[in-house]
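Below, each chain spelled out in residue letters.
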Amino acid sequence: MVWSPHRPWWERYQPVSYKLISRSGSEQEFADMVERCNKVGVRIFVDAVINHMTGDSGIGVGIADSTFNTYEQSYPAVPYSIHDFNSKEKCGTQSGNIENYNNVNEVRNCRLVSLLDLDQSKSWVKDRIRDYLNHLIRLGVAGFRVDASKHMWPDELKAIVESLNDLPETHFGAGQRAFVFTEVIDMGGEPITKYEYTGIGRVTEFLYGMKLGEVFRRWNNQKLEYLQFFGESWGMLPSGYAWTFVDNHDNQRKHGGGGDMVLTFWEPRVYKMANAFMLAWPYGYTKVMSSYYWYPREDTDVGPPADSYGNTNTVPINDDGSCGGNWACEHRWRQIRNMVAFRNLVHGTAVENWWGRGDQIAFSRGRKGFLAINNDYSQTMSGEFYTGLPEGFYCDCISGDMLGSGDNAYCTGQTLSVNSMGRTHINIRSDSENPMIAIHVDYKLGSKRGNIPTRRNGGK
Ligand code: AAO
């Protein structure tokens, strides 16, 4: 990939070759990480940039020491030559760049922000991309996010995906295929739609984060109670095709269709609420964002925490499990981490016991989990709620963790008591730092209900 002055994060989106060498490390280090992750059940998905090569910046050398020449359209390390790119004639615009998103041909045959646009109808190009992705599969990755999929013809992309090898049997079992997510920004209003890509894999559903941001910000008269049918009826993909997220690496910094609606880690209170809802709600395949803090905030190019050579720093882990060194690590925030476990646990159950009043909602997932959120600015959410859960004491996974096991299990946060009718009393103040409660059957305390004092929800 290119090496740019000031080392912006988006260097990664300008390949010079398919060598696995970057500011994050060598191929050996990458392979080692994938191997260690697979051993503990963590799958790795690679963000594959296969639509284009670098921007038209002239002659240069990439991070892995490969040369390129954009006047000649040559990338000898792959190798790609002028014959492998869409020509200006095929594109049809004066600049050679995409100028009009309402012209399908332009979007797919011209350059996205001046990035040299590969022609995937050429078998040489298809084969180079296939070899690159197969190399990653051999190293043990489980699948790919396909960058800029909207800028490739769906049938050509599909042919590449179908030509890939099965995942290695050692880690995945026999006959398993790579899991593919395509990046297609479609929020309505353009001729290219997300529906054109559902035959390839999961597709980004950008409306999801936008709408959730609007609802949790309470803009345009939106209210939490309207989320009762959040999903396809809101103009989104059928659940089984959707790849959902509150924010992504582009729109959290206003690249790629980011608006003020998007919620990010910079607003932690409401961000945690939106993520908790997403993770408890049975729609789409969810993704949790993990970021770094950047300064100044207006500079949307700032790269990751790095040493003086621009090499990405390792992530220091604090005693409490959070990250140091300017890494935000949203995925380690207790409220988000515990809701990931909630999602995995309640998988396959339906929403039941929906209750909604303005900006307060509560619902259960079958007889396994229950979530209540108070996004009202002034009213406490208080009363008896039907949780659907078996009788017992439960540790709220938003305000704390359940530690220990069996009769020795205890809760570091609030404990809730569910009676034989499945009902519990909740009290969520509107000014609480985490105005939510989430309980589930894996956080059921033993009969002694824990051995440390419980804490009221609402404390910070
Ligand atoms: C950098 C420089 C450029 C320079 C270039 C080449 O910033 O000035 O020309 O290098 O030297 C990332 C960065 C770019 C960076 C690039 C290469 O974000 O800043 O360029 O690396 O280093 C479109 C694509 C989508 C793409 C998104 C950014 O469709 O695929 O732009 N995302 C991916 C990655 C992203 C990466 C690339 C692709 C490139 O996630 O990180 O770029 O590899 C409309 C269209 C969308 C379009 C957006 C933005 O969106 O629909 O398709 O996304 O515009 O152009 C409303 C509409 C919504 C609309 C939006 C914004 O919300 O509903 O549809 O407004 O107008």
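- For the chain, an unreviewed UniProt entry supplies the name Alpha-amylase and the organism Priapulus caudatus.
- In its Subunit (unreviewed entry) section, UniProt records this for the chain: "Monomer."

### Observations concerning the environment of Phe172
Okay, so step 1: Within the fold, Phe172 resides in helix α6 (residues 169-172).
Okay, so step 2: Between the C-alpha atoms of Phe172 and Asn38, which are 134 residues apart in sequence, the distance is 9.2 Å.
Okay, so step 3: Apart from the residues within four sequence positions on either side, Phe172 is in contact with Asn38, Arg43, Gly140, Val141, Ala142 and Leu167.

### Regarding the sheet that holds strand β1 (residues 45-48)
Okay, so step 1: In space, the six strands of this open sheet follow the order β1-β6-β7-β8-β9-β10, with parallel pairing throughout. Strands with a single pairing partner mark the edges of an open sheet, and in this sheet they are β1 and β10 (285-287). Taken pair by pair, the neighbouring strands of this sheet meet at an average axis angle of 30 degrees, ignoring direction.
Okay, so step 2: Pairing analysis gives two bridges linking strand β7 (residues 179-182) to strand β8 (residues 202-204), with the strands arranged parallel. If you follow Phe181 over to β8, its bridge partner there is Arg202.

### Digging into the state of the cysteines
Put plainly, two cysteines are in a disulfide when a covalent bond ties their sulfur atoms together.
Okay, so step 1: Scanning all chains against the criterion turns up three disulfides.
Okay, so step 2: Two residues share a disulfide in this structure: Cys323 and Cys329, whose sulfurs sit 2.1 Å from each other. Here the S-S torsion is close to -90 degrees, and the disulfide linking Cys323 with Cys329 is therefore left-handed. Comparing Cys323 with Cys329 shows no difference in burial state: the two are buried.
Okay, so step 3: Sequence-ordered numbering of the bonded cysteines in the chain yields a pairing of 1-2, 3-4, 5-6.
Okay, so step 4: With no disulfide of its own, Cys37 lies 14 Å from the sulfur of Cys329, the closest cysteine sulfur.

### Observations regarding unusual backbone geometry
Okay, so step 1: For the bond running from Val78 to Pro79, omega is -5 degrees, close enough to zero to count as cis.
Okay, so step 2: Geometrically, the link from Tyr295 to Pro296 is a cis peptide bond, its omega value of -10 degrees lying close to zero.
Okay, so step 3: The residue Pro296 is located in the loop between β10 and α9 (334-346) in this model.
Okay, so step 4: A positive phi angle, close to 35 degrees, is found at Val113, a residue other than glycine.
Okay, so step 5: Within the secondary structure layout, Val113 lies in the loop between α3 (104-109) and β5 (115-117).

### Observations regarding the domain arrangement of the chain
Okay, so step 1: Annotation of the chain at the domain level lists domain 1 (9-343) and domain 2 (350-451).
Okay, so step 2: Here the C-alpha centroids of domain 1 and domain 2 sit 35 Å apart.
Okay, so step 3: Residue-level contacts link 24 residues of domain 1 with 34 residues of domain 2.
Okay, so step 4: Of the roughly 2400 Å² buried between domain 1 and domain 2 on both sides combined, carbon and sulfur atoms contribute 59%.
Okay, so step 5: Summed over the three residues of domain 1 that lose the most area to domain 2, namely Arg218, Arg269 and Phe342, the buried surface amounts to 27% of that side.
Okay, so step 6: If you look at where domain 1 meets domain 2, you find three salt bridges.
Okay, so step 7: In this structure, Arg337 and Asp401 form a salt bridge, with 3.2 Å as the shortest nitrogen-oxygen distance.
Okay, so step 8: Where domain 1 touches domain 2, the interface holds 16 residue pairs in polar contact (both at pLDDT 80 or more).
Okay, so step 9: Contributing elements (two or more residues each) for the side of domain 1 that touches domain 2: α7 (206-217), α8 (268-280) and α9.
Okay, so step 10: Split into classes, the residues belonging to the side of domain 1 that touches domain 2 amount to 12 nonpolar, four polar and eight charged.

### A closer look at helix α4 (residues 123-138)
Okay, so step 1: Between its terminal C-alpha atoms α4 stretches 22 Å, which fits the 22 Å expected from 16 residues at 1.5 Å a residue.
Okay, so step 2: Buried residues in α4 make contact with α1 (27-39), β1, β6 (143-146) and α5 (154-162).
Okay, so step 3: Within two residues after α4, Gly140 carries a phi angle of roughly 110 degrees, on the positive side.

### Re a nonpolar patch on the surface
Okay, so step 1: Where nonpolar side chains cluster on the molecular surface, the patch consists of Phe45, Phe179 and Tyr285 and spans about 250 Å² of accessible area.
Okay, so step 2: Here Phe179 lies in strand β7.

### Focus on the side chain of Asp147
Okay, so step 1: Along the chain, the position of Asp147 falls in the loop between β6 and α5.
Okay, so step 2: Engagement of the side chain of Asp147 in a polar contact is seen with the side chain of Arg145, the distance being 2.9 Å.

### Remarks on the packing of aromatic side chains
Okay, so step 1: Tallying each qualifying case throughout the model produces 34 aromatic pairs.
Okay, so step 2: Arranged with centres 6.1 Å apart and planes meeting at 90 degrees, the rings of Tyr18 and Tyr80 form a pair that is edge-to-face. Residue Tyr18 is located in the segment before α1, and its partner Tyr80 is located in the loop between β4 (67-69) and α2 (88-91); the two are separated by 62 residues in the primary sequence.
Okay, so step 3: A residue is classified by how much of its surface remains accessible, and Tyr18, at 14% relative accessible area, is buried.
Okay, so step 4: With a centroid separation of 6.0 Å and 10 degrees between ring planes, the pair formed by Phe68 and Tyr75 is classed as stacked. Each of the two residues, Phe68 as well as Tyr75, counts as buried.
Okay, so step 5: Feature note: the residues Tyr208, Phe216, Phe230, Trp234, Phe277, Trp281, Tyr283, Trp354 and Phe363 constitute an aromatic cluster, connected by ring pairs.

### Describing the site of the ligand
Okay, so step 1: Inspection of the region around the ligand gives 25 residues, with Lys150, His151, Glu183, Glu190 and Asp250 positioned closest.
Okay, so step 2: One of the backbone N or O atoms of Trp10 is found 2.8 Å from an oxygen atom in the ligand.
Okay, so step 3: Within the side chain of Gln14, one N or O atom sits 2.9 Å away from an oxygen atom of the ligand.
Okay, so step 4: Coverage of the ligand by the protein amounts to 72% of the 1100 Å² it exposes when considered alone.
Okay, so step 5: Residues that form the shell around the ligand fall into these classes: 10 nonpolar, nine polar and six charged.

Rules of the game
- Residues numbered from 1 in each chain as written.
- Predicted model: local features only at pLDDT ≥ 70, side-chain atom pairs only at ≥ 80, totals over all residues.
- Heavy atoms only, no water.
- UniProt positions renumbered as here; feature names shortened; annotations may be inferred.
- Helix = DSSP H or I, 4+ residues; strand = E, 2+ residues; numbered from the N terminus.
- Contact = heavy atoms within 4.5 Å.
- Pairing = 2+ DSSP bridges.
- Axes fitted to C-alpha atoms, helices over the stretch in contact; angles between N-to-C directions.
- Disulfide = S-S within 2.5 Å.
- Buried < 20%, exposed > 50% of the residue type's maximum accessible area, 1.4 Å probe, protein only.
- Domains from an automatic or database assignment.
- Buried area = accessible area lost by both parts, 1.4 Å probe.
- Salt bridge = Lys/Arg side-chain N within 4 Å of Asp/Glu carboxyl O.
- Polar contact = N/O pair within 3.5 Å; in protein donor to acceptor, adjacent residues only side chain to side chain.
- Nonpolar A, V, L, I, M, F, W, Y, C, P; charged D, E, K, R; others polar.
- Expected span 1.5 Å × (residues − 1).
- Patch = residues over 30% accessible without salt bridge, like charges linked within 9 Å, V, L, I, M, F, W, Y side chains within 5 Å.
- Areas by Shrake-Rupley, 256 points an atom, 1.4 Å probe, with all protein chains shown as cover.
- Phe/Tyr/Trp six-rings, centres within 6.5 Å; stacked < 30°, edge-to-face > 60°.
- Near = heavy atom within 4 Å.

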